[in-house]
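# Notes for the structure review
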Amino acid sequence: MDLSHAFSLESRPRDFSAKLPRKGVRTVGLRQRRRHFGRRVMILLAAAAVPALAAPDQWRAFDIGNAISPEVQVDPMPFERTGDSFPGSAFYYLAPDDPLPMLAAGIRSDAGNAATLFDPLAGPIARAMRIDNSGVDRSRALECLTAAIYYEAASESDQGQRSVAQVILNRVAHPSFPNTVCGVVYQGSERRTGCQFSFTCDGSLARVPSRFFWQRAMAVAQAALSGYVERSVGLATHYHTIAVHPAWDAEMNHITTIGAHMFFRWRSRAGDSANFRFAYFGNEPVAAPHPRNAAVDALPDPSLDPLALARAFEAGLKTAQAGPAAPSVGGTVPAARPAPAPAYSVEVQSRGGDAQYRGDKLPESHAVRPEYENSGRWIAQPGT
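Residues numbered from 1 in each chain as written. Predicted model: local features only at pLDDT ≥ 70, side-chain atom pairs only at ≥ 80, totals over all residues. Heavy atoms only, no water.

## Thoughts on the state of the cysteines
On inspection of all chains with the given rule, the structure shows two disulfides. Through a disulfide, Cys144 is tied to Cys182; the S-S separation comes to 2.0 Å. Measuring the twist about the S-S bond at about 95°, one finds the Cys144-Cys182 disulfide to be right-handed. Of this pair, Cys144 sits in helix H4 (residues 135-153) while Cys182 sits in helix H6 (residues 181-185); the two residues are 38 residues apart in sequence, bridging distant segments of the chain. By the burial criterion, Cys144 is buried, and Cys182 matches it. There is a disulfide in this structure between Cys195 and Cys201, and the S-S distance comes to 1.9 Å. Judged by the sign of its S-S torsion, about -60°, the bond between Cys195 and Cys201 is left-handed. What makes Cys195 buried here is its relative accessible area of 12%. Using a relative accessible area of 11% as the deciding quantity, one classes Cys201 as buried. Described in terms of the sequence order of its bonded cysteines, the disulfide pattern of the protein is 1-2, 3-4. (Disulfide = S-S within 2.5 Å. Helix = DSSP H or I, 4+ residues; strand = E, 2+ residues; numbered from the N terminus. Buried < 20%, exposed > 50% of the residue type's maximum accessible area, 1.4 Å probe, protein only.)

See the structure below:
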């Protein structure tokens, strides 16, 4: 039996190419389908465009307000009219016409009989003091208040630091103390001992402050100078640490204790809210301690004793209320009393003291020059 023919047929590979579509035929069919789809899209667009072109007045759905109405007249802006335009006029015409906000109920003038805020625990509360004067005044006030907060309460809480700042501003508002922030902070710093704030005369300023705690104290000072009021201490003008017990604190009203400080206000009339005037006038001195003066150390300072300071204030208040007004002579106001001479150091006193600063030795300082003697008088009396 001859099997060679069968073996050759089984070993030959089978051809399946007739069952697969050819590449050219498949590509041509895809192109034809795409062409038919594009024709259908064009027909649909033409069907939608023909009615729109034929009847445009029936397509109201696409109208935007009265933009296509020819009868609408656009009036010119006021600054576009002749005679109403000037440089910068657009700012005033385009500004909103909203009414100005009304003042809050608690904001009143210090000159009027303003109602005083009252706290059940702290008593009368201070009003806001905003320092927005010149850059020099604000920068000096900020530096002095920051130094006081840092050296007096760097390790205290936020409330403790705000309380120290409030005491300083309360003193600025009271007539018994200087009326500037730096004046209050560095009051008595010319003395070796007995300054109002101990850091100004005990050498604390020689320490380089920590940047972090200085910036923290500055943030509290900025808020206080911008009108923030610490209600918890009321109208306190004095404080001391819990480690000491001065003789004067028993004669004053203890308001509260915050951290390591106890806060007090005067019990007498000196602590009345009517005596505090929270109005800032500027003229800040240099933000630095006063030069040391040995002559001042030997002189008594009533401001070191809060009770003596209150008695002096009450005595002056009684004198001003009871004493009659100074009579005028010929309709003129009497001259003010000259201020006492300042206390000079021994070296300045040896050179003549206050006399070397007077102007009595200037040329022609005691008489009016002849050509100006009749200044302000009539050359000829009217009607004669």
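After presenting the structure, the write-up continues.
## Re the confidence of the model for the protein
Scored by pLDDT, the protein comes out at a mean of 77, with 67% of its residues at no less than 70. Overall, residues 100-115 carries pLDDT values under 50, and its contacts beyond four positions in sequence, including any with other chains, amount to seven contacts. (pLDDT = per-residue confidence, 0-100. Contact = heavy atoms within 4.5 Å.)

## Some thoughts on empty space enclosed by the protein
Going through the model one piece at a time under the given rule, you end up with one cavity of 30 Å³ or more. By volume, the largest cavity amounts to about 40 Å³. Surrounding the largest cavity, Arg162, Gln166, Leu169, Val220, Ala223, Ala224 and Tyr228 form its lining. Of all the secondary structure elements, the ones that give two or more residues to the lining of the largest cavity are helix H5 (158-173) and helix H7 (211-225). Taken together, the residues of the lining of the largest cavity break down into five nonpolar, one polar and one charged. (1 Å grid on protein atoms, 1.4 Å probe; cavity = no way out; pocket = protein on both sides within 12 Å on 5 of 7 lines; lining within 4 Å. Points joined across faces, edges and corners; volume = space filled by probe spheres on them. Nonpolar A, V, L, I, M, F, W, Y, C, P; charged D, E, K, R; others polar.)

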